[in-house]
Amino acid sequence: MRDLGSLVIPLLLSAVAVYGLGKRVDVYAALTHGAEEGLTVLLRVIPALVGLLTAVSMFRASGAMEWLSGLLAPVLELLGIPEETAPLLLVRPVSGNGALAVASDLMRAHGPDSYVGRVAAVMLGSTETTFYTIAVYFGSAGITKTRHTVPAALAADLTGFAAAALAVRLFFGGP
Amino acid sequence: MEITWVWTGMVTLSLLFGVVFGRLDAVASAALEGARSAVELGISMAGVLCLWSGVMEMMNACGISAGLARCFRPLLRRLLPNASRDEETLAAVSANVSANLLGLGNAATPLGIRAARRMARGCGGTASDELCLLVVLNTASIQLIPATIASVRSAAGCGTPFDILPAVWLASVLSVTAGLLAARLLSRKGGGR
């Protein structure tokens, strides 16, 4: 199952290139054009990361992160979620870059291949910036009564968090 | 705006904890260390992120995302029967779903908004069941290849950053299913419209 991840990338690269060539598309030009766009995305992300990683780093060093994790630990234990990821759960629905900063801090502190590091990565991959998305969609559609959207979206997030921990235990073993 | 509150709260709490527990030195050096590591992270992410944006652009140029969008039409017709009567809304929603699957966030949002605007017509500011469903679908992650996360993992020194893919897929499927089920159940409870 782990090899599947290693197969996906090379296979995808070559399959897309061959398919594109077959359709007479200049795939290499598309690749470099896309990479250029990646750089502009990065240029927008780095300033946000400077602000957020500074805060996250201070938060951890002051002991506030431990305190917050301890506070949420009883609830998280019930859901099988490692308590170290508590700050990630709180930031994830609000800020995508904030979640990226917290997750990268967790990976640095625990190692990217540790249980906590993997759970943080999977959480990041299986959830979205819920409140931001809701605000953007309903804001531009002129909707003020959002009815059951927020609870349903948060149910999806909570399930995603618990499922991330479960999936990592399933594929890579427990802590 | 929310993030301003979060940021201010984190920095202020750090200061308070630092004073109370006598860790001010550590907090001060962590602030500088955090800023430095942000730029380091950005630079070590750059390669994977750019490669991936390139691959996505390749897929777009080959018409793969358009093909994917066609595949989703039958499914979306069942999920959003009212909205799908309008051909243009259906086209926008299916393009939105396929862009989300491919991780083209910049392309997905305008498409989703176009669909949401059409679905919100003449409803007087109240979201319909189907509009709620569309937004819930967009607040859940259905990205097939989470490239940003892989680039963060490789920046942290991971040799096989994509080995979490099966776990991400499983967690995403469970999360989306929970969101859609919750939306269905809650709309029924609230007397659907």
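This is a predicted model, so every value here is computed, not measured.

What counts and how
- Residues numbered from 1 in each chain as written.
- Chains lettered and ligands numbered in written order.
- Predicted model: local features only at pLDDT ≥ 70, side-chain atom pairs only at ≥ 80, totals over all residues.
- Helix = DSSP H or I, 4+ residues; strand = E, 2+ residues; numbered from the N terminus.
- Buried ≥ 20, exposed ≤ 12 C-beta atoms within 10 Å, placed from the backbone.
- Contact = placed C-beta atoms within 7 Å.
- pLDDT = per-residue confidence, 0-100.
- Core = buried A, V, L, I, M, F, W, Y, C linked by C-beta atoms within 7 Å.
- Expected span 1.5 Å × (residues − 1).

Draft legend 1. Inspection of the overall build of chain A at higher detail. A tally of helices and strands in chain A yields eight helices and zero strands. When the elements of chain A are put in sequence order from the N terminus, they spell out α-α-α-α-α-α-α-α. By its C-alpha atoms, chain A is 60 × 45 × 30 Å across when sized along the principal axes. The 175 residues of chain A split such that 51% are buried. Long-range pairs, those at least 24 residues apart, make up 62% of the contacts in chain A with a sequence separation of at least 6.

Draft legend 2. Structural view of the environment of asparagine 138 of chain B. Within the secondary structure, asparagine 138 of chain B sits in helix H6 (residues 129-139). Taking the C-beta count within 10 Å as the criterion, asparagine 138 of chain B has 26 such neighbours and is therefore assigned buried. Taking C-alpha positions, asparagine 138 of chain B is 8.2 Å from valine 97 of chain B, a pair spaced 41 residues apart along the chain. Those residues in contact with asparagine 138 of chain B that lie beyond four places of it in its chain are Thr133 and Tyr137 of chain A together with Asn100 and Gly112 of chain B.

Draft legend 3. The arrangement of the environment of aspartate 113 of chain A in detail. In this structure, aspartate 113 of chain A sits in the loop between helix H5 (96-110) and helix H6 (115-126). Sequence spacing of aspartate 113 of chain A and phenylalanine 172 of chain A is 59 residues, and the spatial spacing of their C-alpha atoms is 9.5 Å. Apart from residues no more than four positions distant in its own chain, aspartate 113 of chain A is found in contact with Arg118 of chain A together with Cys158 of chain B.

Draft legend 4. Region of interest: the confidence of the model for chain B. Residue and element names in this part refer to chain B. Across chain B, the average pLDDT comes to 90, with 97% of residues at 70 or higher. Taken element by element, chain B is modelled with least confidence in helix H5 (residues 105-119), mean pLDDT 89, and with most confidence in H6, mean pLDDT 95. In the predicted assembly, ipTM is 0.88 and pTM is 0.89.

Draft legend 5. Quick look at the interface of chain A and chain B. Across the boundary between the two partners, chain A contributes 92 residues, which contact 84 residues of chain B. Elements represented by at least two residues in the side of chain A that touches chain B include exactly helix H1 (2-22), helix H2 (27-61), H5, H6, helix H7 (130-141) and helix H8 (149-172) of chain A. Ranked by residue count, the leading element in the side of chain A that touches chain B is H2 of chain A, at 26 residues.

Draft legend 6. Highlighting unusual backbone geometry. Residues and elements named next belong to chain A. Even without being glycine, arginine 24 reaches a positive phi, approximately 60°. Along the chain, arginine 24 turns up in the loop between H1 and H2. Positive phi is not limited to glycine here, since arginine 147 has a value of about 50°. By the element assignment, arginine 147 lies in the loop between H7 and H8.

Draft legend 7. Representation of the nonpolar core in the model. Within the largest apolar cluster, 119 residues are counted, with the highest numbers of intra-cluster contacts made by Ala103, Ala120, Val122 and Ala164 of chain A together with Leu134 and Val136 of chain B. Here this core gets 15 residues from one element, more than from any other, and that element is helix H2 (residues 24-61) of chain B. Setting aside anything within four residues of it in sequence, one finds leucine 134 of chain B in contact with Leu80, Val93, Gly112, Ala115, Ala116 and Met119 of chain B.

Draft legend 8. Looking closely at helix H4 (residues 87-101) of chain B. All names here are of chain B. Taking 1.5 Å as the rise per residue, H4 with 15 residues should run 21 Å; its terminal C-alpha atoms sit 21 Å apart, in good agreement. With 11 of 15 residues buried, H4 lies mostly within the body of the structure. For H4, every residue scored as buried is listed here: Thr89, Leu90, Ala92, Val93, Ser94, Ala95, Asn96, Val97, Ser98, Ala99 and Asn100. Where H4 is buried, its residues touch helix H3 (64-79), H5 and H6. Glycine 103 sits one or two positions beyond H4 and adopts a positive phi of about 80°.

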